[in-house]
Amino acid sequence: MDGPSPIAAHAASPAELRDRIEVERRGRPFLVLREDDGAQRLIELTVEAGDRVSIGRGIQNDVALPWDTEVSRLHAELECIGGEWTVSDDGLSRNGTYVNSMRISGRQRLRDGDTLRVGRTTIAYRRPETEDSRPTQIAGATVQLHDLTPTQRSVLVALARPYKVDEFATPAPNQAIADELHLSVDAVKGHLRSLFARFRIEHLPQNQKRSRLVAETLQSGLVTVREL
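Quick look at the structure, then. Please read all numbers here as calculations on a predicted model, not as lab measurements.

## Comments concerning the overall build of the protein chain
And then number 1: What the protein chain contains, in helices and strands, is 5 helices and 11 strands.
And then number 2: When the 228 residues of the protein chain are sorted by exposure, 46% land in the buried category.
And then number 3: In the protein chain, 49% of the contacts between residues at least 6 apart in sequence involve partners at least 24 apart.
And then number 4: A total of about 11600 Å² of accessible surface is found on the protein chain, and carbon and sulfur atoms cover 48% of it.

## Brief notes about the pattern of salt bridges
And then number 1: Summed over the entire model, instances satisfying the criterion amount to 18 salt bridges.
And then number 2: For Arg126, the salt bridge goes to Glu24, with nearest N and O atoms at 4.0 Å. With a gap of 102 residues between them, Arg126 in strand E11 (residues 121-126) and Glu24 in helix H1 (residues 14-25) connect regions that are remote in the sequence.
And then number 3: Residue Arg126 is classed as buried on the basis of its relative accessible area, which comes to 17%.
And then number 4: For Glu24, a relative accessible area of 6% translates into the label buried.
And then number 5: Overlapping salt bridges, with partners in common, bring together Glu22, Glu24, Arg25, Asp112, Arg126, Arg212 and Glu216 in one network.

## A look at unusual backbone geometry
Among all residues except glycine, the phi angle is most often negative; among peptide bonds, the trans geometry is most common.
And then number 1: Even without glycine at this site, His182 takes up a positive phi of about 60°.
And then number 2: Looking at the secondary structure, you find His182 in the loop between helix H3 (174-181) and helix H4 (185-198).
And then number 3: With relative accessibility at 72%, the residue His182 sits in the exposed group.
And then number 4: Unusually for a residue other than glycine, Arg200 sits at a positive phi of about 55°.
And then number 5: If you trace the backbone, Arg200 turns up in the loop between H4 and helix H5 (206-220).

## Focus on the nonpolar core
And then number 1: Residues Ile177, Leu192, Leu195, Phe199, Leu213 and Leu228 are the most contacted members of the largest nonpolar core, which totals 29 residues.
And then number 2: Elements with a contribution of two residues or more to this core: H1, helix H2 (150-160), H3, H4 and H5.
And then number 3: At 6 residues, H2 tops the list of elements feeding residues into this core.
And then number 4: Counting 21 residues, the second-largest nonpolar core is a separate cluster that includes Ile43, Ile55, Leu78 and Val87.

## Some words on the packing of H3 against H4
And then number 1: Look at H3 against H4: their axes get within 9 Å of each other, and the N-to-C directions meet at 105°. The angle between the axes of H3 and H4 places the two elements in the roughly perpendicular class. On H4, the residues that touch Asn174, Gln175, Ile177 and Ala178 of H3 are Val185, Val188, Lys189 and Leu192.
And then number 2: Residues of the contact of H3 with H4, tallied by class, amount to 5 nonpolar, 2 polar and 1 charged.

## So, the pairing of E11
A regular strand carries its side chains on alternate faces of the sheet.
And then number 1: In terms of burial, E11 is a largely internal element, 6 of the 6 residues being buried.
And then number 2: On E11, burial covers both faces: Thr121, Ile123 and Tyr125 on one face and Thr122, Ala124 and Arg126 on the other are all buried.
And then number 3: Relative to E11, strand E1 (residues 30-34) runs antiparallel, the two sharing 3 bridges. Its bridge partner lying in E11, Val32 is registered against Ala124.
And then number 4: Bridging between strand E10 (residues 115-118) and E11 involves 4 bridges; their strand directions are antiparallel.

## Some words on the pairing of strand E6 (residues 84-88)
And then number 1: For E6, the tally of buried residues reaches 4 of 5 residues, placing the bulk of the element in the interior.
And then number 2: Looking at chain direction, strand E5 (residues 76-81) and E6 are connected through 5 bridges and run antiparallel. What sits directly across from Leu78, in E6, is Val87.
And then number 3: Pairing of E6 with strand E9 (residues 107-109) involves 3 bridges; the strand directions are antiparallel. Paired with Val87 across the strands is Gln108, a residue of E9.

Definitions and cut-offs
Residues numbered from 1 in each chain as written. Predicted model: local features only at pLDDT ≥ 70, side-chain atom pairs only at ≥ 80, totals over all residues. Heavy atoms only, no water. Helix = DSSP H or I, 4+ residues; strand = E, 2+ residues; numbered from the N terminus. Buried < 20%, exposed > 50% of the residue type's maximum accessible area, 1.4 Å probe, protein only. Contact = heavy atoms within 4.5 Å. Areas by Shrake-Rupley, 256 points an atom, 1.4 Å probe, with all protein chains shown as cover. Salt bridge = Lys/Arg side-chain N within 4 Å of Asp/Glu carboxyl O. Core = buried A, V, L, I, M, F, W, Y, C linked by side-chain atoms within 4.5 Å. Axes fitted to C-alpha atoms, helices over the stretch in contact; angles between N-to-C directions. Parallel < 35°, antiparallel > 145°, perpendicular 65-115°, else oblique. Nonpolar A, V, L, I, M, F, W, Y, C, P; charged D, E, K, R; others polar. Pairing = 2+ DSSP bridges.

Function cannot be read off these values alone, since they describe shape.
Shown next as structure tokens:
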């Protein structure tokens, strides 16, 4: 088998995005996947050394995928080592375990935004910043459509466009946004900085700002999946 089997594309609903944002705000690592009926499943993790999470087709696994016939009974294992979550297969599975489309061998550390493929199932790993390091948010503060300039909204649409076909996609890079909107890369960066501030997410690590901005935008209805 050369690679994981293709899976059906999903677009996360506003309610599902809201649930993800709520879990993310608690500051703990978590997994995102879909059940066989398409329902979203969120699995919160700890950062306790030695904690383990098994993945497999057998119902006794922590993450049981009984509907996926390409997943082995015991397929892969996640383990927390020194506060960091890792994934290993170590020959447990027949069809292999993939991180970001690359088949792994041995143990690999997971980073925020990584996607695991086991059989035909995709599992996203998220590692948000801890809540303690975030500034207090203003209760009820929201961004409305009239708060944005037409160009800012166009940047949001272009940033979120990859999510039209893959909910576990990564936001569009600055160059792609610049090419689509006929702007300079510096102009795109400037608009994004303004948007981070408007959504009060400028405190997040750089690798989390863009994905959070997409989630907040789609969840709030400022941009719909149909527009992407």
